[in-house]
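If you want the building blocks of each chain, they are given just below.
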Amino acid sequence: MSQKEWPLWEVFIRSKQGLNHKHVGSLRAADAEMAIENARDVYTRRSEGVSIWVVESNRIFASDPTEADALFEPAHSKVYRHPTFYDVPDGISHM
Amino acid sequence: MKEINLTELEAAFQSKLDREIRIEPNDWMPADYRKTLIRQISQHAHSEIVGMLPEGNWITRAPNLRRKAVLLAKVQDEAGHGLYLYSAVETLGADREETIDDLHSGKAKYSSIFNYPTVSWADMGAIGWLVDGAAIMNQVPLCRCSYGPYARAMVRVCKEESFHQRQGFEIISKLALGTPEQKEMAQDALNRWWWPALMMFGPNDADSPHTQQSMNWKIKRSTNDELRQLFIDVTVPQAELIGLTIPDPDLKWNQETGHYEIGTINWDEFWAVVSGNGPCNRERVAARKKAKEDGMWVREAALAHAEKRKARQAS
Amino acid sequence: MNNSISTYTLRIADDSLILGHRVSEWCGHGPILEEDIALTNIALDLIGQATSLLEYAAATEGKGRTADDLAFLRYERDYTNVLLAEQPNGDFGQTIVRQWLFDTFRLFFYEALCYSKDPQLAAIAEKSLKETKYHFKHSSEWVIRLGDGTEESHQRAQAALDLLWRYAEELFFMNAVDHELIAQGIAVDLTTIKPLWLERIQHVAKEATLKLPETNWVMKGGREGQHSEYLGYLLAEMQYMQRTYPGMEW
């Protein structure tokens, strides 16, 4: 059977106030309203959420994994961005 | 984009597997790895969805309000689990509805256990206890599967599924400890579901062509026989505890190995059911096809309405 | 012990129980996986509401019966759900239209029942109202999608509405029990709800491009235990275990 299908949506759930929305999976829905309701029924059956975001999957742009080295390696060498890079003399606190 | 040859890609892929680094959707992966995953995950998803039918058969006949709500919630969870899994399949570039069409045409398989009929209320107990018990054994190692989306779906499924087995055991033990009619009903269910449950782990390792490759790829973490033995070892004492008899005259405890030994599994029956000749294969697939066909006008309507709305907003 | 409260509660309970049963028949057969899950959620909510209400009906009845006794061991004539609730699922359009007529009623009914002077009924109404708001949104949106979707879906939705419209009036049935409890501030005066219901139904129907039937012919009887042919079969299935194995625990 072939016919046009409902678009795929990615679902993001905030599990409680104070936390980020986190990607949990995807589902099919004809429109955004339906996507939110379906997400509620599929991904929060056990009170896993207080807020839902949905976005059509084809609207997401992702970095290219083959460029991961070029994108992310340069940060590895910048150890001076981390507080552990620095010596703090004994006796100094609150720093 | 820089030029990378196939050998290098394969080496990088293997190195990730060796270091227990998960493979994610956009990463390069061998075509066979992708194919194996699509096959396995979609069959797993189909099993969840077809698996709704034998239990769904008793929703309207559940004996009290509590059991009715629990059974309904459980069967609904299976729909949810199917959806998590289809969601994982779609990350591999497969199309959910196409994999479903493969199920309907008989090309894709699903767990053979769901081709057995549910003929008494005790079957709801036996399915939760044995079938979900076996499924959990299979699924726990999959939480460490090398493919990220599959592993994550499995974590969710395993978390939710622990209630399934408990509610099943609660049903069967209530019967086993109930009136003589109820105990007979429970024993009858165990008699019918025990062997098919053991078959759920798949053929013996020697006859399982995909096992070695899947183990190398870390899709599969334990062999069929290892998992089956684990299941037998935990389930036999549970049956004893509630006074039911495992329907296997050859079952015995081996002091030396620390494992139970069982009689011979009827593999002819297993292959017959897998190839479409189980008691309910036709009914199960027919029910799923009907749902899809009957729902077509609904899905089309929703899409047509969404498009109308978009057009109205645009103008 | 208050028999009027028990009778009144039992009506609300039976609506939830029988409609919940009907919706649960969809489980595993929905038009798409996501909607299968949504329908089952609605069935679960309704059965949960039925359970709380039956417990209260059993307690106020004072005959030592349990919620399960009431759900599974009454005679057909003792069920007081509206006829609408027991109508078969039909196609998805029929299920959705039935749900929409009912949810819209329930929305205003529970809103009013939250103010009942009976604290137990008020508490059940408050909890159920949250669930019903969602059901109402879900069924209204679907009525609009189907009505204003394709030609086929429009025809099916209109046919369902033509079929079920005559059962809607019974939602507003009242008799001496209601009047007694309204006087005590316990029951909802359904005449106050009727215009709200109609206004909302008209609004959604308009957006769905559906026409409300112009018939004055109404089907009633459920509230007094006179049911359609469908209920007997539903009960035969629902009561199967309790009737076949009397007195056993499950």
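Residues numbered from 1 in each chain as written. Chains lettered and ligands numbered in written order. Predicted model: local features only at pLDDT ≥ 70, side-chain atom pairs only at ≥ 80, totals over all residues. Heavy atoms only, no water.

Novice: Summarise the pattern of salt bridges; cite the residues concerned and give the values.
Specialist: Here the structure, examined in full by the defined rule, presents 46 salt bridges over all chains. Linking Glu20(B) and Lys218(B) is a salt bridge whose minimum nitrogen-to-oxygen distance equals 2.9 Å. With a gap of 198 residues between them, Glu20(B) in the loop between helix H1 (6–18) and helix H2 (31–50) and Lys218(B) in the loop between helix H9 (211–216) and helix H10 (224–241) connect regions that are remote in the sequence. Among the residues examined, Glu20(B) registers a relative accessible area of 40% and is labelled partly exposed. For Asp225(B), the salt bridge identified is with Arg228(B), shortest N-O distance 2.7 Å. Residue Asp225(B) and its partner Arg228(B) are located together in helix H10, separated by three residues, close to a single helical turn. Connected through salt bridges with shared partners, the residues Asp31(A), Glu37(A), Lys137(C), Glu141(C) and Arg145(C) form a single ionic network. (Salt bridge = Lys/Arg side-chain N within 4 Å of Asp/Glu carboxyl O. Helix = DSSP H or I, 4+ residues; strand = E, 2+ residues; numbered from the N terminus. Buried < 20%, exposed > 50% of the residue type's maximum accessible area, 1.4 Å probe, protein only.)

Novice: Can you tell me about the interface of chain A and chain C, naming the residues and giving the values?
Specialist: Between chain A and chain C, the contact holds 11 residues from the first and 11 residues from the second. Across the chain A to chain C interface the summed buried area is about 1100 Å²; carbon plus sulfur atoms make up 52%. Counting the surface chain A buries against chain C, the share from its top three residues, Glu37(A), Arg40(A) and Asp41(A), is 45%. Inspection of the region where chain A meets chain C yields two salt bridges. With a closest N to O distance of 2.8 Å, Lys137(C) and Glu37(A) form a salt bridge. Across the contact surface, chain A and chain C share six residue pairs in polar contact (both at pLDDT 80 or more). Elements with a minimum of two residues in the side of chain A that touches chain C: strand S2 (21–28) and helix H1 (32–43) of chain A. Top contributing element to the side of chain A that touches chain C by residue count: H1(A), with seven residues. Considering only residue class, the side of chain A that touches chain C consists of four nonpolar, one polar and six charged. (Contact = heavy atoms within 4.5 Å. Buried area = accessible area lost by both parts, 1.4 Å probe. Polar contact = N/O pair within 3.5 Å; in protein donor to acceptor, adjacent residues only side chain to side chain. Nonpolar A, V, L, I, M, F, W, Y, C, P; charged D, E, K, R; others polar.)

Novice: Can you tell me about the nonpolar core, naming the residues and giving the values?
Specialist: If you look at the biggest cluster of nonpolar residues, it comprises 192 residues, and the most contacted ones within it are Leu27(A), Trp121(B), Tyr147(B), Trp194(B), Tyr8(C), Leu101(C) and Phe109(C). Looking at which element gives the most residues to this core, the answer is helix H2 (residues 33–61) of chain C, with 14 residues. Setting aside anything within four residues of it in sequence, one finds Tyr8(C) in contact with Phe109(C), Leu113(C), Leu121(C), Val177(C), Asp178(C), Leu181(C), Ala187(C) and Val188(C). (Core = buried A, V, L, I, M, F, W, Y, C linked by side-chain atoms within 4.5 Å.)

Novice: Account for a nonpolar patch on the surface, naming residues and giving values.
Specialist: Residue and element names in this part refer to chain A. Taken together, the side chains of Val79, Tyr80, Phe85 and Tyr86 define a hydrophobic patch exposed on the protein surface, amounting to about 410 Å² of accessible area. On the secondary structure map, Phe85 appears in the segment after helix H2 (68–76). Classification of Phe85 as partly exposed rests on a relative accessible area of 44%. (Patch = residues over 30% accessible without salt bridge, like charges linked within 9 Å, V, L, I, M, F, W, Y side chains within 5 Å. Areas by Shrake-Rupley, 256 points an atom, 1.4 Å probe, with all protein chains shown as cover.)

Novice: Quick rundown of the interface of chain B and chain C? Include the residues and the values.
Specialist: Listed as interface residues are 45 residues of chain B and, on the opposing side, 47 residues of chain C. At the boundary of chain B with chain C, total buried surface from both sides reaches about 4000 Å², with 69% on carbon and sulfur atoms. Linking chain B to chain C there are four salt bridges. Lys308(B) serves as the salt-bridge partner of Asp148(C), at 3.0 Å between the closest nitrogen and oxygen. On inspection of chain B and its partner chain C, the count reaches 16 residue pairs in polar contact (both at pLDDT 80 or more). Among the secondary structure elements, those contributing two or more residues to the side of chain B that touches chain C are helix H3 (52–56), helix H4 (65–90), helix H7 (148–176), helix H8 (180–199) and helix H12 (281–314) of chain B.

Novice: Account for the confidence of the model for chain C, naming residues and giving values.
Specialist: Parts of the model with low pLDDT should not have their predicted coordinates read in detail. In this model, chain C carries a mean pLDDT of 97, and residues with pLDDT of at least 70 account for 100%. With a pTM of 0.95, the predicted complex shows an ipTM of 0.96. (pLDDT = per-residue confidence, 0-100.)

Novice: Before we move on, can you summarise unusual backbone geometry with the specific residues and values?
Specialist: Generally, phi is negative for residues other than glycine and the peptide bonds are trans, each holding for most cases. Residues and elements named next belong to chain A. Positive phi, close to 55°, is recorded for Ser47, a residue that is not glycine. With respect to the secondary-structure elements, Ser47 resides in the loop between H1 and strand S3 (51–56). Given a relative accessible area of 66%, Ser47 falls into the exposed group. For His94, which is not glycine, the phi torsion reads 55° and is therefore positive. Its place among the elements puts His94 in the segment after H2.

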